[in-house]
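Understanding the architecture of this molecule
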Amino acid sequence: MAEYVQTFESETLCECIEIVKDVQDGNLILGFAIGGGIDQDASKNPFIPNDSGIFVTRVYPGGPADKAGLKVGDKILQVNGYDVTMATQKQAKKRLVKNQRIVRLKVTRPNLIEAELLESTEKDKPADNYRHQEYI
């Protein structure tokens, strides 16, 4: 279930995504990986150069994030209402892996309509430019 929100400060279209975690080997999983954060080298960001935000670097086909509509390249703005725009990668991961069955994300993409059209090609492109990615 996607909800689109127009933000006023940057005129960026945001999408609210609700992910219901799967249980795998007794662990709750989201089925995606993140990269970036204020503790990482923003010049290596393959999505928006010099942006130190938290970005989705991989989405596992058929996983909870894929089913919810999360896309590679999405910039995560909030996790369950918590602002992660100025978070380290570790802080963002901590918010994402909390022992909660449902995670609500607010994300943005450069162009939500364009991202939908490019879904099939973008999904399989690894974002290996990041030195460190967190799988969650």
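A short tour of the structure in this document, coming up. Note that the structure is predicted; figures quoted are calculated from it, not measured.

**Thoughts on unusual backbone geometry**
Phi is positive for aspartate 25, close to 55 degrees, though the residue is something other than glycine. Structurally, aspartate 25 is set in the loop between strand S3 (22–24) and strand S4 (27–29). Despite not being glycine, asparagine 50 shows a phi value in the positive range, around 70 degrees. Structurally, asparagine 50 is set in the loop between strand S5 (32–36) and strand S6 (54–59).

**A word on the pattern of salt bridges**
Throughout the structure, instances matching the rule amount to four salt bridges. The partner of glutamate 15 in a salt bridge is arginine 109, and the shortest N-O contact between them spans 2.8 Å. Here glutamate 15, found in strand S2 (residues 13–20), pairs with arginine 109, found in the loop between strand S9 (102–108) and helix H3 (112–117); they are 94 residues apart in sequence, far enough to count as distant. A relative accessible area of 3% places glutamate 15 in the buried class. For arginine 109, a relative accessible area of 5% corresponds to the buried category. Glutamate 18 is the salt-bridge partner of arginine 104, the closest N and O atoms lying 3.0 Å from each other.

**Digging into the pairing of S9**
Pairing of S2 with S9 involves seven bridges; the strand directions are antiparallel. Its bridge partner lying in S9, valine 20 is registered against isoleucine 102. Both strand S7 (residues 75–79) and S9 contribute to a ladder of four bridges, which runs antiparallel. What sits directly across from valine 79, in S9, is leucine 105.

**Describing helix H2 (residues 89–96)**
Two residues of an α-helix separated by three or four positions point the same way, owing to the 3.6 residues in each turn. Every buried residue of H2 is listed here: Gln89, Ala92 and Leu96. Seen along its axis, H2 keeps its buried residues to an arc of 65 degrees; they face one direction. Residues Lys90 and Lys94 are exposed on H2 and point more than 90 degrees away from its buried face.

**Section: the packing of aromatic side chains**
Where two aromatic rings form a pair, the distance of their centres and the angle of their planes describe that pair. Under the definition given, this model contains one aromatic pair. Ring geometry for phenylalanine 47 versus phenylalanine 55: centroids 5.7 Å apart, planes at 20 degrees, classification stacked. We classify phenylalanine 47 as partly exposed; its relative accessible area is 24%. Here phenylalanine 55 falls in the buried class, since its relative accessible area comes to 1%. It is arginine 95 that lies over the ring of tyrosine 82; its NZ or CZ is 3.6 Å from the centre.

**Looking at the side chain of lysine 21**
Relative to the helices and strands, lysine 21 is located in the loop between S2 and S3. An unpaired buried charge is present at lysine 21: no salt bridge exists, and aspartate 22, the closest side chain of opposite charge, is 11 Å distant. Polar side-chain contacts of lysine 21 include one of 2.7 Å to the backbone oxygen of lysine 98. Excluding residues that lie within four positions of it along the chain, lysine 21 makes contacts with Leu28, Ile29, Leu30, Pro64, Leu96, Val97, Lys98, Gln100, Arg101 and Val103.

Calculation criteria
- Residues numbered from 1 in each chain as written.
- Predicted model: local features only at pLDDT ≥ 70, side-chain atom pairs only at ≥ 80, totals over all residues.
- Heavy atoms only, no water.
- Helix = DSSP H or I, 4+ residues; strand = E, 2+ residues; numbered from the N terminus.
- Salt bridge = Lys/Arg side-chain N within 4 Å of Asp/Glu carboxyl O.
- Buried < 20%, exposed > 50% of the residue type's maximum accessible area, 1.4 Å probe, protein only.
- Pairing = 2+ DSSP bridges.
- Arc of directions from axis to C-beta.
- Phe/Tyr/Trp six-rings, centres within 6.5 Å; stacked < 30°, edge-to-face > 60°.
- Lys NZ or Arg CZ within 6 Å of the ring centre and 35° of its normal.
- Lys, Arg positive; Asp, Glu negative; His and termini not counted.
- Polar contact = N/O pair within 3.5 Å; in protein donor to acceptor, adjacent residues only side chain to side chain.
- Contact = heavy atoms within 4.5 Å.

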